[in-house]
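# Structure assessment
So the chains spell out like this:
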Amino acid sequence: MYKPKLILVGEGHVGKTSIIQQFIEQKFSESYLMTVGSDKSIKDLKINGKDIKLEIWDTAGQDKYRGVNKIFMKNTKIALLVYDITEKYTFEQLKFWIDNVKEINKNENIIFGVAANKSDLFEQQVVETEEGKKFANDNNCLFFETSAKDYKSIENAFSKLAENYIEKIENKNNETNNNNINNNSNNINNNQNSQNKSEGKKDLNFENELNEKFIDKDDGKSSCSKCFIF
């Protein structure tokens, strides 16, 4: 079973907690509850016949909690960057969040997604969809339009992220297996070449040894000019 750590990051009040609540409990609350530090949830999924247990971390967006967030961001495998389509500032801060996650997880090839949240408030939209898509494309992220009121949009985002994670891991495993097969094949070939060289050297030594044992025989009775003696 795959057990990746998935974090949601973004400014305060963009709907990170509501997204997780919808995904885990399939319910939505209009009241705003500020996340203090972080909170963890677990969700089991089956993606293309593969079992995956998502460890989902909700992080605080307020400045005063950013130092604490660094602790919870470690060992991240999947990150969902969330912004509010009705608040331009939350979109402009996405670069800060993606850089932050990358810096804390220096040696990890993290899968990133961008969630243009509150898509139900399209009449108040100030960040155009194309802007969000361009940012996602420029930063190698998946792009989703989500609404914490709509389970389907949320489920789609998490499922796509999980699917990409599994694909990445399996491709890496296949590459490792292929490299091992190639290395084993090279070792076999090298051993065979060494054995052939060794046997060729033995044959040459034997031939030289025979030549050294050749003696001239020309007593008028022998029909051969050379004979060898053991």
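It should be emphasised that the depicted structure is a prediction, and the values quoted were computed from it without experimental measurement.

Let us look at the packing of aromatic side chains. Enumeration according to the criterion identifies six aromatic pairs in this entry. Geometrically, the ring pair formed by Tyr 2 and Tyr 165 is edge-to-face, given 6.3 Å between the ring centres and 90 degrees between the ring planes. Pair noted here: Tyr 2 is in the segment before β1 (5-9) and Tyr 165 is in helix α6 (residues 151-213), with a separation of 163 residues, a long-range link. With respect to burial, Tyr 2 and Tyr 165 carry one shared label: buried.

This next bit is on the environment of Glu 163. Along the polypeptide, Glu 163 turns up in helix α6. With 113 residues separating them in the primary sequence, Glu 163 and Lys 50 have C-alpha atoms 9.3 Å apart. Those residues within four positions of Glu 163 in sequence are excluded, and the remaining contacts are Ile 47 and Asn 48.

Right, let's get into the layout of surface pockets. Taken as a whole, the second largest pocket holds about 320 Å³ of empty space. Taken together, 16 residues make up the lining of the second largest pocket; nearest its centre are Asn 109, Ile 110, Ile 111, Phe 112 and Asn 140. Counting only elements with at least two residues in the lining of the second largest pocket, the list comes to β5 (111-117), α5 (129-138), β6 (141-145) and α6. For the lining of the second largest pocket, the leading source of residues is α6, giving three residues. Residues that form the lining of the second largest pocket fall into these classes: six nonpolar, six polar and four charged.

So, how was this worked out
Per chain, residue numbering runs from 1 following the sequence as it is written. This being a predicted model, a pLDDT of at least 70 is required before a residue's local features are given, and a value of 80 or more before pairs of side-chain atoms are given or counted; all residues contribute to the totals for chains, interfaces and linings. As a rule here, side-chain values cover all heavy atoms of the structure and leave hydrogens and water aside. Stacked, tilted and edge-to-face are the three classes assigned to paired rings of Phe, Tyr and Trp, where Trp is represented by its six-membered ring and a pair needs centres within 6.5 Å; plane angles under 30 degrees give stacked, over 60 edge-to-face, the rest tilted. The helix count covers DSSP runs of H or I at least four residues long, the strand count covers runs of E at least two residues long, and both are numbered beginning at the N terminus. Buried residues are those whose accessible area, probed at 1.4 Å on protein chains only, stays under 20% of the maximum for their type, while exposed residues exceed 50% and partly exposed ones sit between those limits. Residues are treated as being in contact if the distance between any of their heavy atoms lies within 4.5 Å. Within this scheme a cavity is a closed region of a 1 Å grid, computed over the protein atoms alone, that accommodates a 1.4 Å probe without allowing it to escape, whereas a pocket is open but has protein on both sides within 12 Å along at least five of seven lines; lining residues each have an atom within 4 Å of a point. Grid points are joined across faces, edges and corners, and a volume is the space filled by probe spheres set on the points. Ten residues, namely Ala, Val, Leu, Ile, Met, Phe, Trp, Tyr, Cys and Pro, are considered nonpolar, four, namely Asp, Glu, Lys and Arg, are considered charged, and the remaining ones, Gly among them, are considered polar.

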